[in-house]
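Each chain is listed here by its residues.
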Amino acid sequence: ENYYKLKIFQVLTSSLSLVFNFAMVGIFMLIAFIFLAVATSSIIGKALNNPFLGYVSVAIIFFLFAILAYSGRKKIENLVIQNLSKKYFDDEDNL
């Protein structure tokens, strides 16, 4: 019984830590990505002498990335599930 309590505690704390770290890194990456997108659209807009076309160009690029991510979602999902299952079910030495 104590083994299962300890195992559940380990899984929960590892999961919470993973989510927290992912959220923190994701927030900072999102902020950096926003600044990078604005700078890129500004550069493209200046090159085309039309700021609107710069922003539309970056929006189209993001749309293409979204389509690629959506089309590869199953592969990414399977990779995440495999890695998490190895961490939580095959790792009995950490207790």
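Thresholds, definitions, all that
- Residues numbered from 1 in each chain as written.
- Predicted model: local features only at pLDDT ≥ 70, side-chain atom pairs only at ≥ 80, totals over all residues.
- Heavy atoms only, no water.
- Helix = DSSP H or I, 4+ residues; strand = E, 2+ residues; numbered from the N terminus.
- Polar contact = N/O pair within 3.5 Å; in protein donor to acceptor, adjacent residues only side chain to side chain.
- Contact = heavy atoms within 4.5 Å.
- pLDDT = per-residue confidence, 0-100.
- Expected span 1.5 Å × (residues − 1).
- Patch = residues over 30% accessible without salt bridge, like charges linked within 9 Å, V, L, I, M, F, W, Y side chains within 5 Å.
- Areas by Shrake-Rupley, 256 points an atom, 1.4 Å probe, with all protein chains shown as cover.
- Salt bridge = Lys/Arg side-chain N within 4 Å of Asp/Glu carboxyl O.
- Buried < 20%, exposed > 50% of the residue type's maximum accessible area, 1.4 Å probe, protein only.
- Phe/Tyr/Trp six-rings, centres within 6.5 Å; stacked < 30°, edge-to-face > 60°.
- Lys NZ or Arg CZ within 6 Å of the ring centre and 35° of its normal.

Participant: Is there a simple way to think about the side chain of Ser41 in this case?
Facilitator: When you line up the elements, Ser41 lands in helix α1 (residues 2-48). For Ser41, the side chain forms a polar contact with the main-chain oxygen of Val38, separated by 2.9 Å. Sequence-distant contacts of Ser41, that is, excluding residues within four places in its chain, are made with Gly54, Tyr55 and Val58.

Participant: Help me understand the confidence of the model for the protein chain in this model?
Facilitator: Where the model shows low pLDDT, its predicted coordinates should not be examined in detail. Looking at the protein chain as a whole, its pLDDT mean stands at 88, while 92% of the residues score no less than 70. Within the protein chain, no element has a lower average pLDDT than helix α3 (residues 73-89), which sits at 81, and none a higher one than helix α2 (residues 51-71), at 95.

Participant: What is the right way to read α2 from this model?
Facilitator: Residues spaced three or four apart along an α-helix point in a common direction, a consequence of the helix completing one turn every 3.6 residues. The terminal C-alpha atoms of α2, which comprises 21 residues, lie 31 Å apart, in line with the 30 Å expected from a rise of 1.5 Å per residue. The backbone nitrogen of Phe52 lies 3.2 Å from a side-chain oxygen of the residue at the head of α2, namely Asn50.

Participant: Where do I start with a nonpolar patch on the surface in this structure?
Facilitator: On the surface, a cluster of nonpolar side chains totalling about 650 Å² of accessible area is made up of Phe20, Met24, Ile27, Phe28, Ile31 and Phe35. By the element assignment, Phe28 lies in helix α1. A relative accessible area of 53% places Phe28 in the exposed class.

Participant: Is there a simple way to explain the packing of aromatic side chains in this structure?
Facilitator: For any pair of aromatic rings, the description rests on two quantities: the centre-to-centre distance and the angle between the ring planes. Considering all chains together, one arrives at 2 aromatic pairs under this definition. Ring geometry for Tyr3 and Tyr4: centres 5.4 Å apart, planes at 70°, overall edge-to-face. With relative accessibility at 58%, the residue Tyr4 sits in the exposed group. Geometrically, the ring pair formed by Phe33 and Phe62 is tilted, given 5.2 Å between the ring centres and 40° between the ring planes. Here Phe62 lies in helix α2 and Phe33 lies in helix α1, a separation of 29 residues in the sequence. Residue Phe33 is classed as partly exposed on the basis of its relative accessible area, which comes to 42%. With a relative accessible area of 32%, Phe62 lands in the partly exposed category. Cation over ring: Arg73 sits above Tyr70, and NZ or CZ is 4.0 Å from the ring centre.

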